[in-house]
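Breakdown of the fold
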Amino acid sequence: MRNDYEWNRMLAGQLYSPNRVGDGSFERVHQAQARFNQSEFWHDRTALDQLRTCFRQAPEDMILTPPVYFDHGDRISFGQHFYANTDLTILDENYVTFGDNVFLAPHVSIYTAGHPIDAQARALDLEYALPVTIGSDVWIGGNVVVNPGVTIGSDVVIGSGSVVTHDVPDHVVAVGNPCHVLRRINDDDRRAWHRQLDDYRA
């Protein structure tokens, strides 16, 4: 049975006890993702469709490549045309929201959970959780870490190996540790890629 006191503190970004929330989501998603991670996903979507029922929102056209790891599942909303390569990890103590047309390379980790800097408070097994929001038309490179409380805008590319500690605005390429804006995505980029797209379609 869910402990509303701990649940409300969790979603408010306040210190709470993860061991006392008690909503059963951890058990549900771990059973479902264990089946999916062992499935023959390339020709049988049954395990993926079962896993999709654990999420807050999950479109039929989403693609996950196992193995995957989710803490709860029911706090994650996936937009249309979502793709994640292997080893996606989401610690969804708070809400994680994706827009449409989001592509994730291998080994992307998204964390909402954090722990007190003070050692005495940390030793009490309390934590806090801040939501993560990722806009539409976003490509996140391999081995990227997205930290609690971050918002990534739309039409964004995050370079491989980046550690995203602060918000990223729309229409940019951002890279590094800590992740920072490298440059804006501009009309020259669009023209160059549309020329290649026209050649592909010819």
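Structure's up top.
Not measured: the values here are computed from a predicted model. (Residues numbered from 1 in each chain as written. Predicted model: local features only at pLDDT ≥ 70, side-chain atom pairs only at ≥ 80, totals over all residues. Heavy atoms only, no water.)

**Quick look at the packing of aromatic side chains**
A full pass over the atoms with the stated rule returns 8 aromatic pairs. Ring centres 4.9 Å apart and planes at 75° place the aromatic pair phenylalanine 55 and phenylalanine 78 in the edge-to-face group. One end of the pair, phenylalanine 55, is in the loop between α3 (46-52) and β1 (63-64); the other, phenylalanine 78, is in the loop between β3 (76-77) and β4 (83-84), and 23 residues separate them in sequence. Like phenylalanine 78, phenylalanine 55 is buried. Centre to centre, the rings of phenylalanine 78 and phenylalanine 98 are 5.3 Å apart; their planes meet at 0°, and the pair counts as stacked. Residue phenylalanine 78 is found in the loop between β3 and β4, and its partner phenylalanine 98 is found in strand β6 (residues 96-98); the two are separated by 20 residues along the sequence. On the basis of relative accessible area, phenylalanine 78 is assigned to the buried category, the value being 0%. Aromatic rings pair up to connect Phe55, Phe70, Phe78, Phe82 and Phe98 into one cluster. The ring of tryptophan 7 is capped by arginine 2, whose NZ or CZ atom sits 4.4 Å from the centre of that ring. Sitting over the ring of tyrosine 95, arginine 56 keeps its end group 4.1 Å from the ring centre. (Phe/Tyr/Trp six-rings, centres within 6.5 Å; stacked < 30°, edge-to-face > 60°. Helix = DSSP H or I, 4+ residues; strand = E, 2+ residues; numbered from the N terminus. Buried < 20%, exposed > 50% of the residue type's maximum accessible area, 1.4 Å probe, protein only. Lys NZ or Arg CZ within 6 Å of the ring centre and 35° of its normal.)

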